[in-house]
Amino acid sequence: DQQVKQNSPSLSVQEGRISILNCDYTNSMFDYFLWYKKYPAEGPTFLISISSIKDKNEDGRFTVFLNKSAKHLSLHIVPSQPGDSAVYFCAANQGSSNTGKLIFGQGTTLQVKP
Amino acid sequence: DVKVTQSSRYLVKRTGEKVFLECVQDMDHENMFWYRQDPGLGLRLIYFSYDVKMKEKGDIPEGYSVSREKKERFSLILESASTNQTSMYLCASGSTPVYEQYFGPGTRLTVT
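Here's what I pulled together on the structure shown here. The structure presented is a predicted model; accordingly, all values stated were derived computationally and were not measured.

1. Let's talk about the interface of chain A and chain B
Across the boundary between the two partners, chain A contributes 21 residues, which contact 25 residues of chain B. The tally of links between chain A and chain B comes to zero salt bridges. Counting the contacts that link chain A with chain B gives two residue pairs in polar contact (both at pLDDT 80 or more). Sorting the residues of the side of chain A that touches chain B by element identifies β4 (32-38) and β10 (102-104) of chain A as the ones contributing at least two each. Considering every element that reaches the side of chain A that touches chain B, the biggest residue donor is β4(A), with four residues. Partitioning the side of chain A that touches chain B into residue classes produces nine nonpolar, nine polar and three charged.

Laid out in structure tokens, this is it:
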């Protein structure tokens with residue numbers, strides 16, 4: 001049973017426009033959420049995170065929104081750039097933050113067209 | 001600059017072979033993790049370790065074991081490789097408390 005779901009396998013946007021990547025989760029006990037970006041032939045790299053006590057976190061062009069009542073989070077990239085083309089994974093912390101046991105979504109492939 | 005290295009980028013093994021995947025981190029992190037990545041399934045946690053000689057099962061530990069004899073090194077062992085273990089294997093590390101994990105480049109394992 002997939003506790004963290006990314007229902008859109010792919011997304012294509014034009015350079016300069018907004019990219020919105022979505023993620024749903026089922027366990028209300030998750031207390032921390034993260035987004036990772038992965039280029040082909042490389043390991044994932046951390047992008048941005050949010051604690052469950054917040055509803056928004058911003059870092060430059062990247063903003064993550066958390067809607068706890070809907071068990072939904074989203075990543076906004078504004079403006080999108082061709083270098084943002086990658087696979088994006090959302091993840092939730094499913095245990096004590098001391099050990100960082102993460103559960104990942106299936107990933108969404110973002111293509112930003114010049 | 002955090003560095004997590006994995007012993008091989010590509011590996012081809014035969015069914016029934018014992019396979020060792022090695023991971024080394026240089027940031028003195030207490031926590032280390034092994035994941036596998038498969039299309040449509042994302043990353044799934046196999047095992048993790050929060051201290052030397054300590055380990056805990058992740059979500060899909062069957063068919064795997066791990067070893068952590070030194071803080072910087074975490075090994076994943078496939079006791080008897082099977083074709084359904086063909087996958088991309090990713091190692092990660094993180095400090096305590098863990099919020100962000102640092103990943104290695106991955107090992108693409110093919111079992112024939």
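There's plenty left to go through after this.
2. Quick word on the pattern of salt bridges
All names here are of chain B. In this structure the tally under the stated criterion is eight salt bridges over all chains. The partner of Lys-18 in a salt bridge is Glu-79, and the shortest N-O contact between them spans 3.5 Å. Placement of the pair is Lys-18 in the loop between β2 (10-13) and β3 (19-25) and Glu-79 in the loop between β8 (73-78) and β9 (87-94), with a sequence separation of 61 residues. Lys-18 gets classed as partly exposed once you look at its relative accessible area, which sits at 45%. In this structure Glu-79 comes out as partly exposed when scored by relative accessible area, which is 41%.

3. Quick word on the state of the cysteines
Residue and element names in this part refer to chain A. With the rule as written, the count across this model stands at two disulfides over all chains. Here Cys-23 connects covalently by a disulfide to Cys-90, the sulfurs 1.9 Å from one another. Residues Cys-23 and Cys-90 share a disulfide whose torsion about the S-S bond is about 65°; that sign makes it right-handed. With Cys-23 in strand β3 (residues 19-25) and Cys-90 in strand β9 (residues 86-93), this residue pair connects regions lying 67 residues apart in the sequence.

4. Thoughts on the pairing of β8(B)
All names here are of chain B. Across the six residues of β8, five count as buried, placing the element largely inside the fold. Two strands pair when backbone bridges link them, and strand β7 (residues 64-70) and β8 are joined in this way by five bridges, in the antiparallel orientation. Paired with Val-66 across the strands is Leu-76, a residue of β8. Hairpin connection of β7 to β8: two residues between the antiparallel strands.

Procedures and definitions
Note that residues are indexed from 1 along each chain, following the sequence as it is written. Chains and ligands are labelled sequentially in the order written, the chains with letters from A and the ligands with numbers from 1. Owing to the predicted nature of the model, reporting of local features is limited to residues with pLDDT of at least 70; listing and counting of side-chain atom pairs is limited to 80 or more, with chain, interface and lining totals taken over all residues. Side-chain metrics in this entry use all non-hydrogen atoms of the structure; hydrogen atoms and water are not considered. Contacts are assigned to residue pairs that have any heavy atoms within 4.5 Å of one another. Salt bridges are counted wherever a side-chain nitrogen of Lys or Arg sits within 4 Å of a carboxyl oxygen of Asp or Glu. In protein, a polar contact means a hydrogen-donor-capable atom and an acceptor-capable atom, both N or O and within 3.5 Å, with residues adjacent in sequence counting only if both atoms are side-chain atoms; elsewhere, any N or O pair within 3.5 Å suffices. Secondary structure elements follow DSSP: runs of H or I of four or more residues count as helices, runs of E of two or more count as strands, with numbering from the N terminus. Think of it as three bins: nonpolar holds Ala, Val, Leu, Ile, Met, Phe, Trp, Tyr, Cys and Pro, charged holds Asp, Glu, Lys and Arg, and polar takes everything else, Gly as well. Only protein chains enter the calculation, and the probe is 1.4 Å; a residue is then buried if its accessible area is under 20% of its type maximum, exposed if over 50%, and partly exposed in between. Disulfides are defined as cysteine sulfur pairs within 2.5 Å. At least two DSSP bridges between two strands are required for those strands to pair.

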